Amino acid sequence: MMIDEQIIKKCELAAKQMRLDAITATYQVGNTGAHIGGTLSMIEIMAALYVGVMNLSPENLKSPTRDRFILSKGHGVLAQYVALKQIGVISPEELQTFKQNGTRLYAHPSRNADIGIEFSSGSLGQGVSLAVGVALALKKKGNPARVYVLVGDGECDEGSVWEALASASHFGLDNLTVIVDKNALQYDGETDTILSMNSLSQKFEAFGFDTQELDGHSVEKLLYAFQKPSDRPKAIVANTVKGKGVSFMEGNALWHNGKLSEKQYIQAIEEASV
Amino acid sequence: MIDFNAMNIKMWSRLGSCGAFGAAMMALSEQDDDLAVITADLCFYSGSDRFRQSHPDQLYNVGIAEQNMIGVAAGMASEGYNVFATTYATFAAARVLDQVRVNMGYMQLPVKLIGLTAGLSVGILGTTHTSNEDLAAIRSIPNIVVLSPADTTETVKAVLAAAKENKPVYIRLSGVMGSPLVYKQDYEYTIGKAIRLREGNDVAIVATGTMVAESLKAAELLAEQGISATVIDMHTIKPLDREMLMSCLDSKLIVTVEEHSTLGGLGSAVSEALAEVAHKPPQLLIGLADHYVHAGDYKYLLEQYGLTPDGIASKIAGKLDAL
């Protein structure tokens, strides 16, 4: 199976724009800042899904046949908003309302079919269960749509994630793809030192998932992984860098949530534009 | 459709509230292809085994994993399934309260959550299995309808009514096999409309769940002492029937009776509703005290807490004397 070069290029360009949009949105929020570290780590995953893989567009947002994307690591929602802007669901003007009073673009996603947010999240460890329920229902109805759910590696500390994974393979949900944004950092520091999940891929494999581990910033590798057919539920463990693309954020847990000064903003935009 | 004839009503009573739930699901399955039951290893216990046998592709057992159960139920509900999820009441209300809050409260996904063995019915299993706090916990979450049927007949009514609601619903099942019947024939049941079962001038007893039958017996005992009591079945805890409460303001005393903590349950809901009324009778809250009693059988525990006709009647008579 080959992926069209043009699709790869399109996703890469989208990722670049999305990264710039996320940095700008964070700067515009001002003092409260945004969860920019975990947003930048998942940009390529979101670009590959929204631009290269999923059957989702402004025209089919409410259609039963749309592919479903569920963001379980709700604090990374800025990456979803910029992806939704990229495919024309959220306008550039609306993106500027991010985290403002009265906005639809909360700091954690709030279920809203009009803007392609399938479920509310923010309380970690719940998205995979929802994805299992949706995938089960779609299979029952013979609906060919696919379900994608993105979790964080820190989020995998939650036991409920593993309850849900066990049930996904028990119910034979070959229409489900779980993606782990494995940026190796969580709020209090390195995931390895907080609660080691080093053998994440083996754990997914042991839970019955067809598991691929790859560079989560390679759009090409992500596209191939998403397209690979499987008769089991799929897991993609994406090795990523928290704060990817901005040197002073990369690998720094302090940028889990952060605000940008004007100087930092200019530097971040310069680096992300390269 | 299901027939509320004497034979069925007796059979449900013998089966208890879990069995009555199962019977209602069997009836619903005849007309709703999108019906699903999801359980956390309590298929048999929740009276769903017949449903499983006749509709194996509509029953999902997620194992002993209540958190996952709520999420899977919510995901299926979002795709148009009419999902009933079953677990012990205390697990529904305490163990997975955040899942209930986010999925049913916040997102309003129309899951029908069945809380089994609420109150003290499984008291010999100990406090890990009884549920004194489920109404308080779930009532505090916006957007969830909270039902507490008085007997097995009303359990069937509540399940049928909940199936028609495109809203999240919690149904509190209490009592044991053979618990006394309040409703021995068919009657009109509407969510949110309390039922006046007995008319009296001195006291208004507002009861819920198993305590409706006990309150009716208590009212008989009070009548022997010359005290006449109204008895109301408050089968819907949320939304509460305020109109019915306002019709009780001429009594000398309003009494709430529940097999649930007096903190946060029916008694509290009634207090909240009456708080803004200027001229009203005092309220006596009868229910489980704010502590855990050691394990014991159902009858023993009800006696310990004074939740018997004698216990209820003597508390009411004592309070009236003291007024």
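Not measured: the values here are computed from a predicted model.

The subject of this paragraph is the overall build of chain B. Each helix and strand in chain B was counted, giving 12 helices and 12 strands. Taken against the 2.2 N^0.38 rule, which gives 20 Å for 323 residues, the C-alpha radius of gyration of chain B at 19 Å falls within 12% of a compact globule. Projected onto its principal axes, the C-alpha positions of chain B cover 60 × 40 × 40 Å. Out of the 323 residues in chain B, the part that is buried amounts to 55%. A fraction of 78% describes how many contacts in chain B between residues 6 or more apart in sequence connect residues 24 or more apart.

A few words on the overall build of chain A. Across its full length, chain A holds 11 helices and seven strands. Computed over the C-alpha atoms, the radius of gyration of chain A is 17 Å, within 12% of the 19 Å expected from 2.2 N^0.38 for a compact globule of 274 residues. When the backbone C-alpha atoms are referred to their principal axes, chain A occupies close to 50 × 45 × 40 Å. The proportion of buried residues among the 274 residues of chain A is 51%. A fraction of 76% describes how many contacts in chain A between residues 6 or more apart in sequence connect residues 24 or more apart.

Moving on, we get to the sheet that holds strand 12 (residues 283-288) of chain B. Residues and elements named next belong to chain B. Pairing is mixed in the open sheet, where five strands are placed in the order 7-9-8-11-12. Lying at the two open borders of the sheet, with one neighbouring strand each, are strand 7 (195-198) and strand 12. The sheet shows a mean angle of 25° between the axes of neighbouring strands, direction not considered. As defined by bridge partners, strand 11 (residues 253-261) adjoins strand 12 across five bridges and the pair is classed as parallel. In the sheet register, T256 faces strand 12, and the bridge partner there is L285.

Mean pLDDT over chain B works out to 96, with 100% of the residues at or above the 70 mark. Our summary of model confidence lists the complex with pTM equal to 0.97 and ipTM equal to 0.96.

Residue and element names in this part refer to chain B. Strand order in the open sheet formed by seven strands is 2-1-3-4-6-5-10, and the pairing between neighbours is mixed. Each end of this open sheet is capped by a strand with a single partner; those strands are strand 2 (59-61) and strand 10 (236-238). Ignoring strand direction, the axes of neighbouring strands in this sheet form an average angle of 20°.

Let's shift gears to the pairing of strand 1 (residues 68-71) of chain A. Residues and elements named next belong to chain A. Alternating residues of strand 1 divide into R68 and I70 and F69 and L71, and every residue in both groups is buried. Both strand 1 and strand 2 (residues 147-152) contribute to a ladder of four bridges, which runs parallel. When the sheet's bridge partners are listed, F69 is paired in strand 2 with Y148.

This part covers the nonpolar core. Judged by nonpolar contacts, the single largest core of 186 residues is most densely connected at A47(A), A73(B) and I205(B). Excluding anything up to four places from it in sequence, I205(B) contacts S215(B), A219(B), A229(B), T230(B), V231(B), I232(B), V255(B) and V257(B).

Attention shifts here to the pairing of strand 3 (residues 176-182) of chain A. Residue and element names in this part refer to chain A. Of all seven residues that make up strand 3, seven are buried, and the element is covered over most of its length. The sheet contact formed by strand 2 and strand 3 spans six bridges and is parallel. The partner of L150 across the bridge, within strand 3, is I179. The β-α-β motif built from strand 2, the intervening helix 7 (residues 159-170) and the parallel element strand 3 has right-handed crossover chirality. Sheet topology note: the strand 3/strand 7 (residues 234-239) ladder contains six bridges and is parallel. The residue bridging D181 from the neighbouring strand is A238, located in strand 7.

Here we take up the interface of chain A and chain B. Taken together, the contact between chain A and chain B spans 18 residues of the former and 18 residues of the latter. Those elements giving two or more residues to the side of chain A that touches chain B turn out to be helix 6 (127-140) and helix 7 of chain A. Sort the elements by how many residues they give to the side of chain A that touches chain B and helix 6 of chain A lands first, with nine residues. Split by residue class, the side of chain A that touches chain B holds nine nonpolar, seven polar and two charged.

This next bit is on helix 5 (residues 97-106) of chain B. Residue and element names in this part refer to chain B. Taken residue by residue, helix 5 has Q99, V100, R101, V102, N103 and M104 as its buried positions. Against the buried residues of helix 5 lie helix 3 (66-78), helix 4 (89-95), strand 4 (112-118) and helix 6 (134-139). Backbone geometry just after helix 5 places Q108 at a positive phi near 60°.

Once that is clear, we can look at the domain arrangement of chain B. Residue and element names in this part refer to chain B. Domain annotation for chain B reports domain 1 (6-174) and domain 2 (195-322). One C-alpha centre belongs to domain 1, the other to domain 2, and the line joining them spans 26 Å. Residue composition of the side of domain 1 that touches domain 2, by class: 11 nonpolar, eight polar and five charged.

Residues and elements named next belong to chain B. As for its placement among the helices and strands, F44 is situated in the loop between strand 1 (35-39) and helix 2 (49-54). Residue F44 is classed as exposed on the basis of its 12 C-beta neighbours within 10 Å. Measuring from C-alpha to C-alpha, the distance between F44 and G22 comes to 9.5 Å, with 22 residues separating the pair along the chain.

Thresholds applied
Residues numbered from 1 in each chain as written. Chains lettered and ligands numbered in written order. Predicted model: local features only at pLDDT ≥ 70, side-chain atom pairs only at ≥ 80, totals over all residues. Helix = DSSP H or I, 4+ residues; strand = E, 2+ residues; numbered from the N terminus. Rg over C-alpha atoms; globule rule 2.2 N^0.38 Å. Buried ≥ 20, exposed ≤ 12 C-beta atoms within 10 Å, placed from the backbone. Contact = placed C-beta atoms within 7 Å. Pairing = 2+ DSSP bridges. Axes fitted to C-alpha atoms, helices over the stretch in contact; angles between N-to-C directions. pLDDT = per-residue confidence, 0-100. Core = buried A, V, L, I, M, F, W, Y, C linked by C-beta atoms within 7 Å. Right-handed = clockwise from strand over helix to strand, strands pointing away. Nonpolar A, V, L, I, M, F, W, Y, C, P; charged D, E, K, R; others polar. Domains from an automatic or database assignment.

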